[in-house]
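# Reading the structure
Spelled out from the first residue to the last, the chains are:
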Amino acid sequence: MTLPSPAPPQPPDLTRRRLLRLGGGLGAAGLLGGALTGCGGTAEAEPVTSGTVDLSFWTHDDAYVEYFRTAAENAAAAGASPFRWRLSPTRAGASDVVTKTIAQAIAGRGTPDVAGLEIGAFPRLLRGELAAELLQPLDDAVADVRDDLLTVRTAPFSKDGTLYALDSDAPLVVYYYREPEWGRIGLPTDLGSWEELAEAGAQAHRRHDVCVGQVTVGSELGQVVQSFDMLLMQRGGTLFDERGELAIDSAEGEAVLTFMARGVQEGWIATVADPMGPSMQAALKSGHVIGLWMATWYKIYGLVPNVPEQSGEWRIRPLPAFRDGGSRTSFTGGTGFAALRDKENTLAAVDLITAGYLTPSEQVRRFLDLGYLPTRRSVYDSGELLRTEDEYCGGQRMFEVYRGVIDEAPVFHLSPDKPVLDTVLSGYLLRAYRGDLSPREALRRATDDFHGQTRSSRS
Amino acid sequence: MSAATPAPPAAAPAARPAPDRKGNRPRRRGSRSGRVALYLTLSVLLLVFVAPMVWAVSGSFKPRGDIFEYPPNLIPSPATLENFGNLLSGQPFWRWFAISVTTALLATAVAVFVCALAGFAFAKYRFAGKRVLFSVMFSSLSVPFAVILVPLFVLVVKSGLSNPWFALIVPWVAPAFGIFMMQQYIIQSIPDEILEAARIDGASEFGIFLRVVLPLLRPPLGALAVWQFLQSYNSFLWPLVLISDTDSYTLPLGLNILFRAENRSFDLVLPGAVLASVPTILVFLLLRKQLLEGLSAGAVKG
C-alpha cells in the first residue's frame, strides 16, 4: 500500500534558535519534556517512495521489534507494499525514548523513523506544538478503517483532532483471581459488585490473611496514580476531561478513593511498591494476594514471569461494578507507534505501522504473539481469537471476556500536564490510603496543588 | 581489722585523669557500655548498607522464580549460573562493559591531569581575568547537568565531535569540583619556595608542574580519580542522549533497558549489577590509600 503524501498541519514558523531559548527555560524542569516546543529545525527530506529502506526503530520492548519484523516479512510476501523494510532497533526505557527523540530533534539529526511511545511518556509530546513538529499525522493512513478503529484507543494519541500514533493494544482492565485459592477459602468468584466483593474480601482477610486487590504505593508516581485511575475510569470518572481540564475532584473520584482507602485500611487490599516487581512477586508467591484488578497485559508481564508455578490457577472476569454507576471495565497502559515527519523514510515508516497494525490478520497475530488486544472493533468477532484457550489461565477462553466488555470501555484523555498530576496526586493518594486525609480532602488539595503548579509552569 | 578501715574505693567518685605539665587533661575514653553501643550501632548500619548487596549477589545465583521468594533465603538453593549465562549470551554485556570501563578510565585520566593543571594555574599564577574565570568555574558547580544537556549535545554535534568514544568523555574532562579541590590543596600544601627552588634549578614551568607539583598531589588526585571514575562510569543521561545503537550502550544504559523491560528482567539485572560493580570495587581497592589520605588531608593539624 502506497500512501499519498499527507498534508501535515502547519507548525508555527519557529527557528531552532527560538527552540533552544524555549528549551533552555524548560529543560531543567521537564528534562527535555518541554524543550522542543516549536522545533522548526527538522530539515524536510525528499521522501523515499519504494524499495528497500533501513528504518531506525526505537522501542522500550524487544517484543515489538520481532513483531514488526514479522509484519514486514508478511507485507512483503503479500506484495502489499512498495517497500521492503529492514529494522535497525534501538532499545531504551519508555520515557527515555521520548527524551532521546526530543534531544536528537533539537540537535537536528538522528531521530528515529519509527518510535514506540508508551502512553505514560506520550503526554510530554502533547505540550505546545511538539507532536505536530515531530510526528507524522496518521489520519490519511487510517482513513479506510477509521470507523472500525476503537475511538477509545485513538483519542489518547490524538491532539487537536489529529492522530499521531497507532496504539499497540486495547488494554482493558479485568479482574484476575486465583481460582483454587478462592475455592479453598470459600470466596465466590461471581460477585457482581465491588461492594459485595469488599465485604467478602474483608472477611476472607480476617480469617485467612489474604488480599483481593492491590494498590501501588512505590516511587514510580505514574504507577501510584494508575492504581487509582483504573477504578476511577470504571466508575465513570476521569483524570482529565476532553478539554484537558483536571476532573478528579468529583463524586466518582471520591467514591473510588473511599473504596480503595477502606480496602487498604481494613487490609483486604494490599499495598505494593511495584505491581511488576519484587514486592508484588512476594505477595503473589506467598498467596497473600489472590486477586487484583489490572490490564490484560498483566498476565504476560506480571503473572507469568513472577509466578510461573501458579500456571493453570488464574482466571479473569469482568470487573465487579460499582453499585452507583460505571461500567465493568476500564483501560490502563498502551504504546502508540508513530512515524517521525519530514524524513526521507517517513512514508516507509507510516506504511510499516499501518501494515503491522491495521490489517485484521496482523491484529489477530498481535494478540496471539504478544497478548495485545485488537484496536479494530470488528476483530473482536474473530472466531480464531474467540476459540483460543489460554493455558496459564486454566484453558479459559479469555477473549470471550474481552469481547463481552469492550463496548463498555470508557474513553479517556491525556493532558500534557499528566506528569504534574502524577507528582501532586500520588502523595495525596498515599495520605488518603493511610487515613491521614479524607478522600474528599485529598482530591481537593491535589486539585489545588495541580492548578498552582500548572499556573506557575505556564507563566 | 580496725574500725578505721577506709571505705572501699568503688564508693569514691571516679578519679579524674591527671593533667599534664601544661595543665591539659587527656581526653577521656568512652565507657565500655558506650563503646558497645557504638559498635552495635555501627554493626546495624553495616548490615543495612551491606544487605542489599548481599541480596543482589545471592539473587543473581537463583533461578528467576526464586529471586523474590518469601521468606527470603540468602543461600541460593539450588544455586545456578544460568542467569550469568543468559546475560552474557543474550545481551552484548561485555561490549557495554568494555565501553563503560574504557571511557571511564579515559575520562578519569584526562580529568585528573586537567584538574591538576588548572588547579595549579589558579593557585600559583597571576593572570588577567583570573578572578572572573575562577568565579565562573566555581559557579558552574551549582548548575545541574540536565540544564546543560541540550546545549552541550548541540555543541558536540555541531562541532562534529559526536563520535561516541570521544563525546562520552567530554562532559567529564574538566570538572569544576576537581579544579577547585586541586587549587585548594595546592594553596594549602605546596609552598611557593619549592617552586622558586625549582625555577632556580632551571626547570620550566611545565616541568615544575610535572616533576614537582604532580608528585605532591598524589593523595588528592587519588580521591579525585575515584570520584571521577564513578561519575563517568555511572553516568546515564549523557550516554542516553548520545548513543542510539543498543550494542554500543554503556553499562547503565544496558542494565536500564533490562530493568525497564515490560517483564522486569531481574534475572538479568542482578548478575549484570554484580558484574558491573567489579570495576568500581577494584578502583577503590587500588586507590584506597590515596583516597583516604586525600579525604583526610588538612583534617589534622600538622
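Residues numbered from 1 in each chain as written. Chains lettered and ligands numbered in written order. Predicted model: local features only at pLDDT ≥ 70, side-chain atom pairs only at ≥ 80, totals over all residues. Heavy atoms only, no water.

### Digging into the overall build of chain B
- The number of helices and strands found in chain B is 14 helices and zero strands.
- When the helices and strands of chain B are read in sequence order from the N terminus, they spell out α-α-α-α-α-α-α-α-α-α-α-α-α-α.
- Counting only residues that meet the buried cut, chain B has 39% of its 302 residues in that class.
- Intrachain contacts of chain B at a sequence separation of at least 6 include 71% that bridge at least 24 residues. (Helix = DSSP H or I, 4+ residues; strand = E, 2+ residues; numbered from the N terminus. Buried < 20%, exposed > 50% of the residue type's maximum accessible area, 1.4 Å probe, protein only. Contact = heavy atoms within 4.5 Å.)

### Considerations on the pairing of strand E1 (residues 51–59) of chain A
Residues and elements named next belong to chain A.
- Where E1 and strand E2 (residues 83–91) come together, nine bridges link them in parallel fashion. Looking across to E2, one finds that Asp54 is bridged to Arg86.
- Pairing of E1 with strand E3 (residues 114–118), which is carried by two bridges, proceeds in the parallel orientation. Bridge pairing links Phe57 to Val114 in E3. (Pairing = 2+ DSSP bridges.)

### Points about the packing of aromatic side chains
- Overall, the coordinates contain 46 aromatic pairs over all chains when judged by the stated rule.
- Aromatic pair Tyr64 of chain A and Tyr372 of chain A: ring centres 5.7 Å apart, planes at 25 degrees, arrangement stacked. In this pair, Tyr64 of chain A sits in helix H2 (residues 62–77) while Tyr372 of chain A sits in the loop between helix H13 (360–370) and helix H14 (383–387), placing the two residues 308 residues apart along the sequence.
- With relative accessibility at 3%, the residue Tyr372 of chain A sits in the buried group.
- Residues Phe134 of chain B and Phe180 of chain B carry aromatic rings whose centres are separated by 6.2 Å and whose planes lie at 45 degrees to one another, so their mutual orientation is tilted. One end of the pair, Phe134 of chain B, is in helix H4 (residues 130–139); the other, Phe180 of chain B, is in helix H7 (residues 176–189), and 46 residues separate them in sequence. (Phe/Tyr/Trp six-rings, centres within 6.5 Å; stacked < 30°, edge-to-face > 60°.)

### So, the sheet that holds E3 of chain A
All names here are of chain A.
- A sheet is described by the order of its strands in space; here five strands give the open sequence E2-E1-E3-E13-E6, paired in mixed fashion. For this open sheet the edge positions go to E2 and strand E6 (166–167), each flanked by a neighbour on one side alone.
- Against the sheet, H2 engages E1, E2 and strand E13 (335–339), with an angle of about 175 degrees to E2. (Axes fitted to C-alpha atoms, helices over the stretch in contact; angles between N-to-C directions.)

### Describing the interface of chain A and chain B
- In this complex, chain A contributes 34 residues to the contact, which on the side of chain B involves 35 residues.
- Roughly 2900 Å² of surface becomes buried between chain A and chain B when both sides are summed, with 58% attributable to carbon and sulfur atoms.
- Considering only the side of chain A, the residues that lose the most area to chain B are Arg91, Lys100 and Arg109 of chain A, jointly responsible for 19% of the buried surface there.
- Across the contact surface, chain A and chain B share eight residue pairs in polar contact (both at pLDDT 80 or more).
- Among the secondary structure elements, those contributing two or more residues to the side of chain A that touches chain B are helix H1 (16–30), E2, helix H3 (94–107), helix H10 (278–285) and helix H11 (298–306) of chain A.
- When grouped by side-chain class, the residues that make up the side of chain A that touches chain B number 16 nonpolar, nine polar and nine charged. (Buried area = accessible area lost by both parts, 1.4 Å probe. Polar contact = N/O pair within 3.5 Å; in protein donor to acceptor, adjacent residues only side chain to side chain. Nonpolar A, V, L, I, M, F, W, Y, C, P; charged D, E, K, R; others polar.)

### What about the packing of helix H7 (residues 194–208) of chain A against helix H9 (residues 251–266) of chain A?
All names here are of chain A.
- Close contact between H7 and H9 brings their axes to 10 Å; oriented N to C, the two are set at 10 degrees. Put simply, H7 runs roughly parallel to H9. Facing Trp194, Ala198, Glu199, Ala202 and His205 of H7, the residues of H9 in contact are Phe259, Arg262 and Glu266.
- Counted by class, the contact of H7 with H9 contains four nonpolar, one polar and three charged residues. (Parallel < 35°, antiparallel > 145°, perpendicular 65-115°, else oblique.)

### Remarks on the confidence of the model for chain A
- On average, residues of chain A carry a pLDDT of 88, and 89% of them reach 70 or more.
- pLDDT under 50 marks residues 1–42 of chain A. Its contacts with residues more than four places away, or in other chains, come to 85 contacts. (pLDDT = per-residue confidence, 0-100.)

### Re the layout of surface pockets
Residue and element names in this part refer to chain B.
- Roughly 660 Å³ of internal volume is contained in the second largest pocket.
- For the second largest pocket, the lining is made up of 25 residues, of which Ser140, Ile148, Pro171, Pro175 and Ala176 are closest to its centre.
- Counted by class, the lining of the second largest pocket contains 21 nonpolar, four polar and no charged residues. (1 Å grid on protein atoms, 1.4 Å probe; cavity = no way out; pocket = protein on both sides within 12 Å on 5 of 7 lines; lining within 4 Å. Points joined across faces, edges and corners; volume = space filled by probe spheres on them.)

### Quick word on unusual backbone geometry
- Residue Pro78 of chain B follows Ser77 of chain B across a cis peptide bond; omega there is 5 degrees.
- As for its placement among the helices and strands, Pro78 of chain B is situated in the loop between helix H1 (32–60) and helix H2 (82–90).
- We note that Asp160 of chain A has phi near 50 degrees; this positive angle belongs to a residue other than glycine.
- Assessed through its relative accessible area of 73%, Asp160 of chain A is described here as exposed.

### Topic: the confidence of the model for chain B
Residue and element names in this part refer to chain B.
- Chain-level pLDDT for chain B is 85 on average; 86% of the residues reach the 70-or-more range.
- When pLDDT is averaged over each helix and strand of chain B, the minimum, 73, is found for helix H14 (residues 288–296) and the maximum, 95, for helix H3 (residues 93–124).
- For the stretch residues 1–12, pLDDT sits under 50, and the model shows zero contacts to residues farther than four places along the chain or on other chains.
- The ipTM, which scores confidence in the relative placement of chains, is 0.72 for this predicted complex, and the corresponding pTM is 0.79.

### Digging into the environment of Gly65 of chain B
Residue and element names in this part refer to chain B.
- Locating Gly65 in the fold gives a position in the loop between H1 and H2.
- Exposure remark for Gly65: the relative accessible area of 18% places this residue in the buried category.
- For the pair Gly65 and Phe266, spaced 201 residues apart in sequence, the C-alpha separation works out to 10.0 Å.

### Side note on the packing of helix H12 (residues 251–259) of chain B against helix H13 (residues 266–286) of chain B
Residues and elements named next belong to chain B.
- Running from N to C, H12 and H13 cross one another at 160 degrees; their axes reach a closest spacing of 8 Å. Our classification of the angle between H12 and H13 gives roughly antiparallel. In this structure, H12 meets H13 at a crossing whose hand is left-handed. Of the residues in H13, those touching H12 at Leu251, Leu255, Leu258 and Phe259 are Phe266, Leu268, Val269, Gly272, Ala273 and Ala276.
- Residues that form the contact of H12 with H13 fall into these classes: nine nonpolar, one polar and no charged. (Left-handed = near helix turned anticlockwise from the far one by under 90°.)

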